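# Commentary on secondary and tertiary structure
Chain by chain, the residues:
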Amino acid sequence: MKPVLEIENLRVGFPDGTAAVRGVSLRVGRGETHCLVGESGCGKSVTALAAMNLLPRGATRSADVMRFHDEDLTRLSERQTSRLRGARMAMIFQEPMTSLNPAYTIGSQMTEVFQRHRHATRAQGMDRAAELLERVGITAPGMRLAQYPHQLSGGLRQRTMIAMALMCDPELLIADEPTTALDVTVQAQILRLLQTLQRELGLAVLLITHDLGIVARMAQRVSVMYAGQVVESGSAADLFGAPTHPYTRGLLACIPIPGKTPRDQPLGSIPGSVPKTGAEFAGCAFRDRCTYATADCAGTIPHRTVATDHRTLCTMVPA
Amino acid sequence: MSIAVEVRDVRRSFTRRDGIFAARSSIRAVDGVSFSLESGGVLGIVGESGCGKSTLGRMILGLQPPDAGEILIEGQSLASMDRRTRARLIQPVFQDPFSSLNPRQRIGDIVGLPLAAQGAISGAQQRDQAAEMLTRVGLSAAIMERFPAQLSGGQRQRVAIARALVLRPRIVICDEPTSALDVSVQAQILNLLAELRRDLGLTYVFISHNLAVVEHIATEVAVMYLGRFVECAPSEALFHDPRHPYTRALLASVLTAEPGIPIPDVGLGDTYPDPANIPNGCRFHPRCRFAQDRCRSEAPLGHIAGDRLVECWYADNDSS
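Residues numbered from 1 in each chain as written. Chains lettered and ligands numbered in written order. Predicted model: local features only at pLDDT ≥ 70, side-chain atom pairs only at ≥ 80, totals over all residues.

### Digging into the overall build of chain B
A count of helical and extended segments in chain B gives 10 helices and 12 strands. The C-alpha radius of gyration computed for chain B amounts to 21 Å, which stays within 12% of the reference 20 Å derived for 320 residues, consistent with globular compactness. Taken along the three principal axes of its C-alpha coordinates, chain B extends 70 × 50 × 50 Å. Relative to its 320 residues, chain B shows a buried fraction of 48%. Contacts in chain B between residues at least 24 apart in sequence constitute 65% of all its contacts with a sequence separation of at least 6. (Helix = DSSP H or I, 4+ residues; strand = E, 2+ residues; numbered from the N terminus. Rg over C-alpha atoms; globule rule 2.2 N^0.38 Å. Buried ≥ 20, exposed ≤ 12 C-beta atoms within 10 Å, placed from the backbone. Contact = placed C-beta atoms within 7 Å.)

Structure, rendered in structure tokens:
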């Protein structure tokens, strides 16, 4: 089946010389949740912003393939991308308070997208907004439409953001840390909602998170990012059941599981910190923190296939 | 065993105004909390944002006086203690190592400042002790000449821990000490805190919203809801046999890294707790799916079920 979003060898550089994304490839299919997981600064958000053509000024972007359905995203003008963005490709962010405009009502912000992309009237927009607010589990949508963002709780704001993203029936939803600012109890509600919507609407979801708990419960496919590269990718079952890259394995050992992790023993941890990666950086970026590192790790690291659809970027895995 | 921290029916309210013309409303942030913590123990306090856990921590540190109630540190009243004595007994580690370290001071001065504030110590001694503590938390003494902006998040949190420990306090209040850190760094800091507690015989009050982290480090756990402890028990007991419906919901909402398990329906509904408007009766009843008539009218304050505090009328009933 043809993927909704396909990225091959994406590179993003910033004016200060950092190479934020260094050859990322990923695919998201219809009705599939693909999780992009990694620690802060690994390039996961920059990857998403590059796909949406929302990179900050001065950043450079190149890719062998970057396709949304049949649209070649590398060739589209800004005007053409803006026609896709918010309509067929939608995005939700971490902190709903900063991504909603505090000076406009929920209703007017929600209808704006719809009026712009669908050339609809304000009344049609309001009807659609009310329908979607109800769809994401907000009671009394009529009242909410007239309210301002500060009048809503964090959970309601994030539901509103999701409803807004769905206004024009997108095919791809990019969610960047959608529940990080929320309490755990609300997080579970929002994730359940995303899952239901995805199943019912057949959305392709690219979910960006640092939380392996969320990845385990939400993802069909997972890409683990480290220092601008995807170091391991595969199905959720492969990644959690048979992780091969030392970084993936290290991450999994770092998080305590209540009732399972022995309490009197130290948690696994990864010593050291992430290196600075410029354009000329060569070799495995994890080698300084890796207990298995050898001289080979300073050379070029080929992608190795562990099993069908399970790839890793490590010399330890035999070719 | 001696008691390190004893808190007796402590309360604290704030007034809030929602707008220039709105009436003032009173928020009961901490609404009658009591506990005692043995020395060498770790009390984990968990709860959602706005439940009053940080306010409680600030009161135990003496940064905010309680409106009512009493706090005893190693048997002495906190209210009658002078600042220097207090600083030698109890120290904080806060969440964000980016804002809790002065960006214009060198690391050596940051860690040495508590010593200087105590007076009667030479500059050389100050530097020696700061260097010793920095090595103790896993940093090299060479870092003393650097500024916070030159360090990573994990290194900064180590500096914050060194600063808290340089006076050799007995008790450390950790308020979300790992929430701003990446998971790999979080594990390093948790391991360090556990090791320091064992080696130096420290007592921790560990405030966090992350139950998995609390389970790993705490010996006792208190679940806080709208300003009160609604359940408090030894860590093992609380995690294996949670009695309060809110504790159960919190535990259910922890997403462990185990694929194939669906996301739980926590069943707390859409009503959010508002500390300006605490419900009558049991404060949790609007979100509780087991609420009965009694819960709506009568508050289960101080209710004991078996061996522990559980502020729920039906906590004695077997779980259903």
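Having seen the model, we can carry on.
### Some points on the overall build of chain A
Check the secondary structure of chain A and you find 11 helices and 13 strands. The 319 residues of chain A split such that 48% are buried. Sequence-distant contacts in chain A: of pairs separated by 6 or more residues, those separated by 24 or more amount to 64%.

### As for the domain arrangement of chain A
Residues and elements named next belong to chain A. Looking at the assigned domains, one finds that chain A contains domain 1 (5-88 + 169-282) and domain 2 (102-167). If you average the C-alpha positions of domain 1 and of domain 2, the two centres end up 27 Å apart. With 12 residues of domain 1 in contact, the opposing surface of domain 2 contributes 11 residues. If you tally residues by element for the side of domain 1 that touches domain 2, the top one is helix α8 (residues 184-201), at five residues. Classifying every residue of the side of domain 1 that touches domain 2 by side-chain character gives 10 nonpolar, two polar and no charged. (Domains from an automatic or database assignment. Nonpolar A, V, L, I, M, F, W, Y, C, P; charged D, E, K, R; others polar.)

### Regarding the pairing of strand β12 (residues 304-307) of chain A
All names here are of chain A. Across three bridges, β12 lies against strand β13 (residues 310-312) in antiparallel orientation. Counterpart to A307 in the pairing with β13 is H310. A loop of two residues connects β12 with β13, the two strands running antiparallel in sequence, and D309 in this loop sits at a positive phi of about 60°. (Pairing = 2+ DSSP bridges.)

### Some words on the packing of helix α7 (residues 154-165) of chain A against α8(A)
Relative orientation and spacing of two packed helices are given, respectively, by the angle between their axes and the distance between those axes. Residues and elements named next belong to chain A. Closest axis-to-axis distance for the α7/α8 pair is 10 Å, and the angle between their directions is 15°. One way to sum up the angle between α7 and α8 is to call them roughly parallel. For the pair α7 and α8, the sense of crossing is right-handed. Of the residues in α8, those in contact with G154, G155, Q158, R159 and I162 of α7 are V186, Q189, I190, L193 and L194. Counted by class, the contact of α7 with α8 contains five nonpolar, four polar and one charged residues. (Axes fitted to C-alpha atoms, helices over the stretch in contact; angles between N-to-C directions. Parallel < 35°, antiparallel > 145°, perpendicular 65-115°, else oblique. Left-handed = near helix turned anticlockwise from the far one by under 90°.)

### Looking at the interface of chain B and chain A
Interface size is commonly expressed as the accessible area that is lost once the parts come together. With 37 residues of chain B at the interface, the matching set in chain A holds 39 residues. Secondary-structure elements contributing two or more residues to the side of chain B that touches chain A are α6 (183-200), α7 (211-217) and α9 (245-252) of chain B. Broken down by class, the residue content of the side of chain B that touches chain A amounts to 20 nonpolar, 11 polar and six charged.

### Side note on the environment of T18(A)
All names here are of chain A. With respect to the helices and strands, T18 occurs in the loop between β1 (5-13) and β2 (19-28). Given 17 C-beta atoms within 10 Å, T18 falls into the partly exposed group. As for T18 and G228, which are separated by 210 residues in sequence, their C-alpha atoms are 9.9 Å apart. Residues contacting T18, with those up to four places away along its chain left out, are K276, T277 and G278.

### A few points about helix α1 (residues 53-60) of chain B
All names here are of chain B. The element α1 is largely enclosed, with a buried count of seven among its eight residues. Taken together, the buried positions of α1 are occupied by K53, S54, T55, L56, G57, M59 and I60. A positive phi of about 80° marks G62, the residue just after α1.

### Things to note about unusual backbone geometry
Residues and elements named next belong to chain A. In this model, E177 sits at a positive phi of 50°, which is unusual for a non-glycine residue. Following the sequence through the fold, E177 ends up in the loop between β8 (172-176) and α8. What makes E177 partly exposed here is the crowd of 18 C-beta atoms within 10 Å. Positive phi, close to 45°, is recorded for A227, a residue that is not glycine. Examined against the element boundaries, A227 turns out to sit in the loop between β10 (221-226) and β11 (229-235).

### Some remarks on the sheet that holds β10(A)
All names here are of chain A. Across the sheet, which stays open at both edges, the eight strands sit in the order β7-β8-β9-β3-β10-β11-β13-β12 with mixed pairing between neighbours. In this open sheet, the two strands that pair with only one neighbour each are β7 (89-92) and β12. Between one strand axis and the next, the sheet turns through 20° on average, direction left out of account. Across five bridges, β8 lies against strand β9 (residues 204-209) in parallel orientation. Pairing of L172 across the sheet is with A204, part of β9. Sitting on the sheet, α7 touches β7 and β8, and the angle it makes with β7 is about 170°.

### Observations regarding the sheet that holds strand β4 (residues 68-73) of chain B
Residues and elements named next belong to chain B. Spatial ordering of the open sheet is given by β2-β1-β4-β5, a layout of four strands whose pairing is antiparallel. Each of the sheet's edge strands pairs with one partner strand only, and the pair in question is β2 (24-38) and β5 (76-77). For strand β1 (residues 3-17) and β4, the ladder comprises five bridges, and the chain directions are antiparallel. If you follow E6 over to β4, its bridge partner there is L72.

### Observations concerning the nonpolar core
One finds F206(B) and V223(B) to be the most contacted residues of the largest nonpolar core, which totals 196 residues. Here the element with the most residues in this core is α8(A); it accounts for eight residues. Per-domain counts for this core show at least three residues from each of domain 1 (5-88 + 169-282) and domain 2 (102-167) of chain A. Not counting the four nearest positions on each side in its chain, V223(B) is found in contact with V46(B), G47(B), F229(B), V230(B), E231(B), H244(B), Y246(B), T247(B) and L250(B). (Core = buried A, V, L, I, M, F, W, Y, C linked by C-beta atoms within 7 Å.)

### Observations concerning the pairing of strand β5 (residues 65-68) of chain A
Residues and elements named next belong to chain A. Only one face of β5 is buried, namely the one carrying M66 and F68, since none of V65 and R67 on the opposite face is buried. When β1 meets β5, the two strands line up antiparallel, connected through four bridges. Paired with E6 across the bridge in β5 is R67. From the end of β5 to the start of strand β6 (residues 71-72), which pair antiparallel, there are two residues, and H69 there has a positive phi angle of about 50°.

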